[in-house]
Amino acid sequence: MLSIDLSAQTERDNYKLLIGSIIPRPIAFVTTLTNGGIINGAPFSYFNVVASNPPLLSLSIGRSNGRQKDTARNILDKKEFVIHIVDEQNVEKVNQTAAGLPCDQSEIDHVGFTPAASLKVSVPGIKESKIRIECVLEKYLELGDGEAPVCDFIIGRAVQFHIDDEIFHNGRVDPQGLAAVGRLAGHDYAKIGEIFTLERPK
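Residues numbered from 1 in each chain as written. Predicted model: local features only at pLDDT ≥ 70, side-chain atom pairs only at ≥ 80, totals over all residues. Heavy atoms only, no water.

**Describing the sheet that holds strand β3 (residues 39-44)**
Then, in step 1: Across the sheet, 7 strands lie side by side as β3-β2-β6-β9-β10-β5-β4; this open sheet has antiparallel pairing. Strands at the two margins of the open sheet, each flanked by one partner only, are β3 and β4 (47-52). Between one strand axis and the next, the sheet turns by 35° as a mean value, whatever way the strands run.
Then, in step 2: Two elements, β4 and strand β5 (residues 55-62), share 5 bridges in a ladder whose sense is antiparallel. Looking at β5, one finds that S52 is bridged to P55.
Then, in step 3: Strand contacts of helix α2 (residues 70-78): β2 (28-33), β3, β5, β6 (80-85), β9 (131-143) and β10 (151-163), with the helix running at about 55° to β2, the strand carrying the most contacts. (Pairing = 2+ DSSP bridges. Helix = DSSP H or I, 4+ residues; strand = E, 2+ residues; numbered from the N terminus. Axes fitted to C-alpha atoms, helices over the stretch in contact; angles between N-to-C directions. Contact = heavy atoms within 4.5 Å.)

**Looking at the pattern of salt bridges**
Then, in step 1: Under the defined criterion, the tally for this structure stands at 6 salt bridges.
Then, in step 2: Notably, a salt bridge pairs K16 with D13, separated by 3.9 Å at the nearest N-O pair. Taken together, the residues K16 and D13, both in helix α1 (residues 11-21) and 3 residues apart, mark about one turn of the helix. (Salt bridge = Lys/Arg side-chain N within 4 Å of Asp/Glu carboxyl O.)

**Quick look at unusual backbone geometry**
Then, in step 1: Backbone torsion omega between I23 and P24 reads -15°, so that peptide bond is classified as cis.
Then, in step 2: At the junction of N53 and P54, the peptide bond is cis and its omega measures out at 5° in the coordinates.
Then, in step 3: With respect to the helices and strands, the residue P54 is situated in the loop between β4 and β5.
Then, in step 4: Positive phi outside glycine occurs at N65, with the angle close to 55°.
Then, in step 5: Within the secondary structure, N65 is located in the loop between β5 and α2.
Then, in step 6: On the basis of relative accessible area, N65 is assigned to the exposed category, the value being 82%. (Buried < 20%, exposed > 50% of the residue type's maximum accessible area, 1.4 Å probe, protein only.)

Below, the structure is given as structure tokens:
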């Protein structure tokens, strides 16, 4: 077995090692609002659940050459955002939103997503998602190993869930019906695949 000292590698080599090993990663498609009222949308695979009481979700939003991304800036300005679970039906359009559009152009409009009004936050979601979660900013950290931050770490509190009733039965989400996709390395994605059950020991 190879043993790799991450401090002896380049950032790019560490990046490839991490995203190739920690798989599949759930993908959050995040909508935010600019101060001018434009709906921004972008996907992030450094995303997960943090806690259920209170219901907290995390996003790590990398900076580009030290520059904060629109999503992070909008979340810090408005203190609100909407997370969507990416699935087999919307993943191609979600992927197109990763294009580098100017901040005064909406990725939602660019790919033809349909805005959906939220109940508890001012940020709209999109209708083309089986699950969307309205969130408010709970905690924020700038992270990095040097003088300049390399990512914005966001913890959001989920305040409202919207879920397709066809995939929600007896208080549980049907994973096959949701058909969520996960992120691998490079340009690759993964579907749910075979599901198996293991009972936890008492």
